[in-house]
Amino acid sequence: MKKIKIGIVGAGFNGQISFIQNFHKNKKCEILGLAEARNKLRNKVGRKFKIKKLYKNHLEMIKDIKYFDGIAIIARREMIGPISYEFLKHGKIILSEKPMAGNLIQSKKLLEISKKFKSLHKVGYNKIYDEGVEIAKKYFKKIVQNNVMGKLIHVRSHRLSGSGYDKRNKYITSKEKNSLRKPSWPKVPKWLPKKFHKSYEKYLNLYCHNISILRYFINEQPKVDAAHLSNNLISIVRLKYKKYFASLETGFFTKKGWDERLEFYFQEGSMKIFFPPQHFKNKSASFIIENRRNGKNIIFKSKKSWSFKNQCDAFINDILKRKITTNKAIDAVKDVKIIEKIWKRYLNK
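Residues numbered from 1 in each chain as written. Predicted model: local features only at pLDDT ≥ 70, side-chain atom pairs only at ≥ 80, totals over all residues. Heavy atoms only, no water.

The eight strands lie next to each other as β8-β9-β10-β7-β11-β12-β13-β14, forming an open sheet whose pairing is mixed. Each edge of the sheet is formed by a strand with only one pairing partner; in this case those strands are β8 (223–228) and β14 (296–300). Across this sheet, the average inter-strand angle for adjacent strands is 10 degrees, counted without regard to direction. Note that strand β7 (residues 152–161) and strand β11 (residues 258–266) share nine bridges and pair antiparallel. What sits directly across from serine 157, in β11, is leucine 262. Each of β8, β9 (235–240) and β10 (245–252) touches helix α9 (residues 329–347); the most contacted strand, β8, lies at about 55 degrees to it. (Pairing = 2+ DSSP bridges. Helix = DSSP H or I, 4+ residues; strand = E, 2+ residues; numbered from the N terminus. Axes fitted to C-alpha atoms, helices over the stretch in contact; angles between N-to-C directions. Contact = heavy atoms within 4.5 Å.)

A few words now on the environment of isoleucine 288. The residue isoleucine 288 is located in strand β13 (residues 286–291) in this model. Distance from isoleucine 288 to isoleucine 298, taken between C-alpha atoms, is 5.6 Å for residues 10 residues apart in sequence. For isoleucine 288, the residues in contact, after removing those within four places along its chain, are Ser270, Met271, Lys272, Phe274, Ile298 and Ile299.

This part covers the packing of helix α4 (residues 77–88) against helix α5 (residues 104–116). Relative orientation of the contacting elements α4 and α5 amounts to 10 degrees, with a least axis distance of 9 Å. When the axes of α4 and α5 are compared, the pair comes out roughly parallel. Contact residues: α4 offers Gly81, Ser84, Tyr85 and Leu88, while α5 offers Lys109, Leu110, Ile113 and Ser114. Considering only residue class, the contact of α4 with α5 consists of four nonpolar, three polar and one charged. (Parallel < 35°, antiparallel > 145°, perpendicular 65-115°, else oblique. Nonpolar A, V, L, I, M, F, W, Y, C, P; charged D, E, K, R; others polar.)

Time to look at the sheet that holds strand β6 (residues 121–124). Strand order in this open sheet of six strands is β3-β2-β1-β4-β5-β6, and the pairing throughout is parallel. The sheet is open, and its two borders are formed by β3 (53–55) and β6, each paired with just one other strand. Across the sheet, the mean angle from the axis of one strand to that of its neighbour is 20 degrees, orientation sign disregarded. With four bridges joining them, strand β4 (residues 70–73) and strand β5 (residues 93–97) adopt parallel strand pairing. If you follow isoleucine 73 over to β5, its bridge partner there is serine 96.

Let us look at the environment of arginine 42. Among the secondary structure elements, arginine 42 is positioned in helix α2 (residues 39–48). A relative accessible area of 7% means that arginine 42 is categorised as buried. Excluding its chain neighbours within four sequence positions, the residues that come into contact with arginine 42 are Leu34, Glu36, Ala37, Leu54, Tyr55 and Lys56. (Buried < 20%, exposed > 50% of the residue type's maximum accessible area, 1.4 Å probe, protein only.)

Here we take up helix α6 (residues 131–145). For α6, built from 15 residues, the straight-helix expectation of 21 Å at 1.5 Å per residue is met to within 8% by its first-to-last C-alpha distance of 22 Å. Taken together, the buried positions of α6 are occupied by Gly132, Val133, Ala136, Phe140 and Ile143. Across the axial projection of α6, the buried residues extend over an arc of 85 degrees, all falling on one side. Residues Lys138, Lys142 and Gln145 are exposed on α6 and point more than 90 degrees away from its buried face. (Expected span 1.5 Å × (residues − 1). Arc of directions from axis to C-beta.)

Here we come to the pairing of strand β1 (residues 4–9). Side-chain direction in a regular strand flips from residue to residue, so the side chains alternate between the two faces of the sheet. Among the six residues of β1, five are classified as buried, and the element is accordingly described as predominantly covered. When β1 meets strand β2 (residues 29–35), the two strands line up parallel, connected through six bridges. Residue pairing across strands places isoleucine 6 opposite isoleucine 31, the latter belonging to β2. In this region the chain leaves β1, passes through helix α1 (residues 13–25) and returns to the parallel neighbour β2; the handedness of that crossover is right-handed. Where β1 and β4 come together, four bridges link them in parallel fashion. The residue of β4 that forms the bridge with valine 9 is isoleucine 73. (Right-handed = clockwise from strand over helix to strand, strands pointing away.)

Now the structure itself:
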């Protein structure tokens with residue numbers, strides 16, 4: 001079978017650990033090209049993974065776009081949007097890291113250009129590809145549809161994170177500074193006061209995952225009922241769905257710890273999903289279902305599976321099918337919209 005030709009923009013820590021290493025393991029694809037501004041790093045990574053075409057920037061790669069079946073973009077947050085925009089002009093399927101852009105206007109701009117050129121855009125919410133999350137979703141659907149534990153009455157998304165990085169991860173480094181700053185789009189919406197810029201950037205980058213997971217389980221766009229945000233302590237947001245509320249609790253608990261979960265409370269039971277730090281390889285989410293109606297519990301223990309690897313494999317399958325089934329750009333736009341509504345609610349409280 002002919003291998004899928006992948007181009008990758010960005011060879012830093014996340015580019016190597018989460019994408020390059022995982023695409024390299026997939027026998028259905030070949031990493032044909034790499035765009036990276038740091039010369040030594042580009043050459044070292046290129047040699048290790050036997051990448052034939054090396055480029056100083058994404059514009060050089062675009063000149064060879066006809067040779068690629070798909071592009072993965074792992075760059076600075078302010079650069080992801082404009083780089084995605086350029087590739088989407090060429091009708092290619094792309095996978096960009098999250099968030100897809102810094103604000104709603106930029107996100108809609110990417111959506112419009114993908115429609116114009118009939119390009120496909122997948123956004124990198126890797127946690128949705130966690131094996132434990134995928135299995136929990138199947139159980140959740142059956143519980144709701146069959147009224148196994150009564151009505152769903154409350155949802156709780158909780159993330160007090162510390163360091164999500166595993167020191168055992170090995171990747172290539174160089175002493176070069178990443179001085180590339182262009183192309184660049186603003187990382188915040190125009191209406192946001194300057195004193196909140198850094199807080200908004202952090203909130204969007206970290207907790208868009210929580211919003212996307214809620215969307216994955218609950219196919220409904222909520223209203224923002226209340227928002228209490230803190231840069232140093234815990235932030236609490238209340239989202240209003242048609243028949244129940246969801247609380248979103250976010251913040252930093254400790255640099256060494258990780259406390260992330262998604263909890264569904266029913267009239268006669270609950271489902272609690274526990275997430276591992278996302279850069280820990282071979283570790284999936286676990287969950288427990290406590291059914292008070294029949295007194296039976298279901299326990300799913302963490303498996304040797306990694307969401308980033310699953311996401312890369314899914315992208316290759318999307319290219320083969322010419323169809324994105326999960327994490328479409330149109331859904332990621334909705335996530336950015338909710339984040340902006342949270343901040344507007346907070347500023348106008």
